[in-house]
Every structure is written in structure tokens, then in C-alpha cells.
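Examination of the molecular architecture
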Amino acid sequence: MSILLTGATGFIGSSVLSRLLDEGYSVTALVRDRAKADTVEDAGATALIGDATDSDLIARAARESDGVIHLASAEDLDPVFIEAVLRGLEGSGKPFVHTGGIWSYGSNADITGDSPADPPAITAWRGATEARVLAVDGIRTAVVVPSIVYGRGTGIPNVIVDAPRGEGARAALRTIGDGSQHWATVHVDDLAALYVLAFENGDAGAVYIGANGTNPTVRELSEAAAEAAGIAAVEAESDDESRKRLGGAFADALLLDQEASGSKARIDLGWEPNGPSLVEELTSGSYASREGAAA
């Protein structure tokens, strides 16, 4: 079975690519240049060098595939890419797994795929494209919604690892806001398994929240990072200070208070996330070996 995959060289995509290849799939990875083509070919995939907004190329590649997994979701390319995929897969019943984002649900203590949208500015664009994907007939569309993705010392958790920390007797790792907000989280390899399950068995029109059920507070995460760095304390900052330090739109997303269990994926697809928690990764795992940069 041949899968058209976007984002195969990225943080999430490289894990999805590895998972697909390990499970015996033939993968055609859409990439932008020769260097990325070499990367996916070395991993065992077939490279398709081209632009995700080349409608004819995408429609043809989708038509020739047994389905599509779209990880390289972005505001500027999704409208064109999605329409091209839908044209290529029209009436085929083949799967098309699109990528959403947990921030689109705003602050919520129990996020599910049916929760109302309340996006911060940084993800306000997602709603229209997700609705377009889910409304299609004749294609088995699904949306996987990653929560805060971690693992391999990469991704958003480095905002915590690299937070300002002061010096000497005043050393204290700064939180994002007061740190009371929860983050829904998922290990990148567990998320990769969810994408494959959604491709294989996802229901048409389904939304699967990629969250492992551990929802630590930012303060707990900061304390774990401080412990790994040998820093005795953490220090809260105001929301406005976080916005100034990180940029308003990004900070507003990180200040959301979000919790999720991923129960639909567990029940419907048999998904079993079993990677280490983000607290464990920060305390003694892939992030602990990194040196945060003092600001």
C-alpha cells in the first residue's frame, strides 16, 4: 500500500515516516528540495520533489496513492493542498488524514473532538480547513489533533528548558505566566502510532485528539526542568511579561489551560500511548541533557 506523506522530514513527520516503513508501507514523501529528498530516501521512502501548492502535482500524486497523510499543515498552503488532494481522491473511499491543533479548542478541562472551537489568534485559520476536510463525501477523511508534542529533546518543551533562569543566589527558572495552566501532551512516537491507526481504521469524519492523558501544569514542567539543571527554584512571571518575552500570539497559546485524555482514539482505534511523560523527559530524559540558554 502506497501513502502520500507531507512533512516527512519534520519532528512529527520523521517519526510517522519511520512507523509507516516499519509496518511495511510504501511511502512517497513530498519534499521541497534535493537535500530533503536524500533524507527520506535514506530512510527508505520515495521522494517526490515539488511544491505543496502545485495543484496538478498534488492531485496526481494523491490519485496514484492509496491514501494521504498531511502533516505539513500551514495557513498559506492548506487551502490549495487540501483541494488538490480532494480532487485526486474524489469518490475513491481512500483515507485522507489531516492535521489539526489542540490550541484551537481554547482553555478547556476536558477536550474532545466535539468540544467547541475557541482558538487563539495563532490558530484561528485552522477551523475552515478542518471543516472542509471533514465535510467531504466519498473519501474517508479524519483529523488527528496533536496536543503539545514532545520527545527527542525537540519541540515546544524547549521553551521551558531555555527559559530565563537568573544567576547565583537569585537563580530561578521562569515559568510561562504563573505556571498554573495545564498542557495536554503526547510523546512524538505515540502520536505517530495514532496517525497510522487513523489512516488504517479511522471513521469518516472523525476527529482524534492526540493526548496521552497526562496534563501537567507549566509550573510542574518548569520544576522538572529546574531540577535537571540543578536550579533550586522556579519563579512566576506575569502574562504580559511572557507575551513580551515570547511574542504575544505564541504566549497566548502557551497560556491556555488545556486538559485532554485522548479517549476516542483509545476506544475506537485501540491506541495505547505508552511513552515516558513530559515530566520524566524533562527530569531525566531527552531534555535533561540539554543546556538551557540563560536570557
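About the criteria used
Residues numbered from 1 in each chain as written. Predicted model: local features only at pLDDT ≥ 70, side-chain atom pairs only at ≥ 80, totals over all residues. Heavy atoms only, no water. Helix = DSSP H or I, 4+ residues; strand = E, 2+ residues; numbered from the N terminus. Polar contact = N/O pair within 3.5 Å; in protein donor to acceptor, adjacent residues only side chain to side chain. Contact = heavy atoms within 4.5 Å. Axes fitted to C-alpha atoms, helices over the stretch in contact; angles between N-to-C directions. Parallel < 35°, antiparallel > 145°, perpendicular 65-115°, else oblique. Left-handed = near helix turned anticlockwise from the far one by under 90°. Buried < 20%, exposed > 50% of the residue type's maximum accessible area, 1.4 Å probe, protein only. Pairing = 2+ DSSP bridges. Expected span 1.5 Å × (residues − 1). Phe/Tyr/Trp six-rings, centres within 6.5 Å; stacked < 30°, edge-to-face > 60°.

**Details of unusual backbone geometry**
Despite not being glycine, Arg152 has its phi angle at roughly 60°, a positive value. Of note, Arg152 is situated in the loop between strand 8 (148-150) and helix 6 (158-161).

**Quick notes on the side chain of Thr6**
Here Thr6 lies in strand 1 (residues 2-6). Engagement of the side chain of Thr6 in a polar contact is seen with the backbone nitrogen of Ala72, the distance being 3.0 Å. In contact with Thr6, not counting residues within four places along its chain, are Leu30, Ile69, His70, Leu71, Ala72 and Phe81.

**Here's the deal with the packing of helix 3 (residues 55-64) against helix 4 (residues 78-89)**
Orientation of helix 3 relative to helix 4, taken along the N-to-C sense of each, is 40°, at an axis distance of 7 Å. On the basis of their axis angle, the class for helix 3 and helix 4 is oblique. Relative to helix 4, the crossing made by helix 3 is right-handed. Side by side, helix 3 and helix 4 meet where Ser55, Asp56, Ile58, Ala59, Ala62 and Arg63 of the first sit next to Val80, Phe81, Ala84, Val85, Arg87, Gly88 and Leu89 of the second.

**Re the pairing of strand 7 (residues 140-146)**
Counting buried residues along strand 7, six of its seven residues qualify, which places the element largely inside the surrounding structure. In the sheet, strand 5 (residues 95-99) pairs with strand 7 via five bridges, with the strands oriented parallel. Each bridged residue has a counterpart across the sheet, and for Thr99 the counterpart in strand 7 is Val144. Across five bridges, the pairing between strand 7 and strand 11 (residues 206-210) is parallel.

**So, helix 4**
Under the 1.5 Å per step criterion, the end-to-end length of helix 4 is 16 Å for 12 residues, consistent within 8% with the ideal 16 Å. For helix 4, every residue scored as buried is listed here: Asp78, Phe81, Ile82, Ala84, Val85, Leu86, Gly88 and Leu89. Where helix 4 is buried, its residues touch strand 1, strand 2 (26-31), helix 3, strand 4 (68-70), strand 5 and helix 5 (126-134). Positioned one or two residues after helix 4, Gly91 has a phi angle of 70°, which is positive.

**Looking at the packing of aromatic side chains**
Inspection of the entire model under this criterion finds two aromatic pairs. Aromatic pair Tyr25 and Phe199: ring centres 6.2 Å apart, planes at 90°, arrangement edge-to-face. In this pair, Tyr25 is assigned in the loop between helix 1 (11-22) and strand 2 and Phe199 in helix 7 (residues 188-201), connecting sequence segments 174 residues apart.

**Here we look at the packing of helix 1 against helix 7**
One way to put it is that helix 1 packs onto helix 7 with a least axis distance of 8 Å and a crossing angle of 60°. In this view, helix 1 runs oblique relative to helix 7, as classed from their interaxial angle. When the axes of helix 1 and helix 7 are compared, the crossing they make is right-handed. Contact residues: helix 1 offers Phe11, Ile12, Ser15, Val16, Arg19 and Leu20, while helix 7 offers Val188, Asp189, Leu191, Ala192, Ala193, Tyr195 and Val196.

**Structural notes on the environment of Arg19**
Note that Arg19 resides in helix 1. The residues contacting Arg19, other than those within four sequence positions of it, are Ala192, Ala193 and Val196.

**Regarding helix 8 (residues 218-229)**
In this model helix 8 runs 16 Å from its N-terminal to its C-terminal C-alpha over 12 residues, within 8% of the 16 Å that 1.5 Å per residue would give. Positive phi shows up at Gly230, right after helix 8, with a value of about 75°.

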